[in-house]
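# Commentary on secondary and tertiary structure
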Amino acid sequence: MAKITGKYEVLYIIDPAQGEEGIAALVEKFKAMVEAEGTLTNIDEWGKRRLAYPINDLPEGYYVLMNFESNPAFPAEMERVMKITEGVMRCLTTVVEG
């Protein structure tokens, strides 16, 4: 039988040059995407942190971790949108066991 929903977490890094309003707008955009397609269980803003290595010559990024449940096709679409969104430096989506 096909899996109806799955538990996922996505960690994404936002360029801190977006400013507080820009960062808040991106977090809200992705939060709204998840709520439209599934159930948001947790959102944890880690804030500005030093990167392990420079990305686009930037030493810092704003980290956000979101946990959600959705159908299996949604995480790929969300990653696609994140990769083409201005201000998102990196994103990683993983399946949470349990």
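See the structure printed just above.
Since the structure is predicted, the reported quantities are computational estimates derived from the model, not experimental observations.

## Remarks on the packing of aromatic side chains
For any pair of aromatic rings, geometry is given as the distance between the ring centres together with the angle between the planes. Across all of its chains, the model carries four aromatic pairs by this definition. Among the aromatic residues, those joined into a cluster by ring pairs are Y8, F68 and F74.

## So, the pattern of salt bridges
Scanning the model with the defined rule gives two salt bridges in all. Here E77 makes a salt bridge to R80, at a shortest N to O gap of 2.9 Å. Of this pair, E77 and R80 are both found in helix α2 (residues 74–84), three residues apart, which corresponds to roughly one turn of the helix. Here R80 falls in the partly exposed class, since its relative accessible area comes to 44%. Close ionic contact of K83 with E79 constitutes a salt bridge, the shortest N to O distance being 3.7 Å. With K83 and E79 both in helix α2, this residue pair falls four residues apart, about one helical turn.

## A word on helix α1 (residues 19–37)
With 19 residues, α1 ought to run about 27 Å at 1.5 Å a step, and its terminal C-alpha atoms sit 28 Å apart, in line with that. Taken together, the buried positions of α1 are G22, I23, L26, V27, F30, M33 and V34. Taken end-on, α1 shows its buried residues confined to a sector of 135°, consistent with a single buried face. Opposite the buried face of α1, by more than 90 degrees, sit the exposed residues E20, E21 and A36. Contact partners of the buried residues in α1: β1 (6–14), β2 (38–55), β3 (58–70), α2 and β4 (88–95).

## As for the pairing of β2
The pairing of β2 with β3 spans 12 bridges and is classified as antiparallel. Residue pairing in the sheet places I43 in a bridge with M66 of β3. Counting the residues between successive antiparallel strands, the hairpin from β2 to β3 contains two residues, one of them, N56, with a positive phi of roughly 55°.

## Topic: the nonpolar core
Core analysis: the largest hydrophobic core is formed by 20 residues, its most contacted members being Y12, I14, F30, M66, M78 and M82. Residue assignment for this core shows that the elements contributing at least two residues are β1, α1, β3, α2 and β4. Here this core gets six residues from one element, more than from any other, and that element is α1. If sequence neighbours within four positions are ignored, M78 has contacts with V10, F30, M33, V34, M66 and F68. Counting five residues, the second-largest nonpolar core is a separate cluster that includes I13, I55, Y63 and M89.

## Here we look at the sheet that holds β1
Reading across from one edge, β2-β3-β1-β4 is the order of the four strands in this open sheet, with antiparallel pairing throughout. Looking at strand neighbours, the two that pair on one side only are β2 and β4, the edges of this open sheet. Put simply, the sheet's adjacent strands are angled 20° from each other on average, direction ignored. Sheet strands in contact with α1 are β1, β2, β3 and β4, and its direction is about 140° off that of β2. Its contacts with the sheet put α2 on β1, β3 and β4, and the angle it makes with β4 is roughly 170°.

What counts as what
- Residues numbered from 1 in each chain as written.
- Predicted model: local features only at pLDDT ≥ 70, side-chain atom pairs only at ≥ 80, totals over all residues.
- Heavy atoms only, no water.
- Phe/Tyr/Trp six-rings, centres within 6.5 Å; stacked < 30°, edge-to-face > 60°.
- Salt bridge = Lys/Arg side-chain N within 4 Å of Asp/Glu carboxyl O.
- Helix = DSSP H or I, 4+ residues; strand = E, 2+ residues; numbered from the N terminus.
- Buried < 20%, exposed > 50% of the residue type's maximum accessible area, 1.4 Å probe, protein only.
- Expected span 1.5 Å × (residues − 1).
- Arc of directions from axis to C-beta.
- Contact = heavy atoms within 4.5 Å.
- Pairing = 2+ DSSP bridges.
- Core = buried A, V, L, I, M, F, W, Y, C linked by side-chain atoms within 4.5 Å.
- Axes fitted to C-alpha atoms, helices over the stretch in contact; angles between N-to-C directions.

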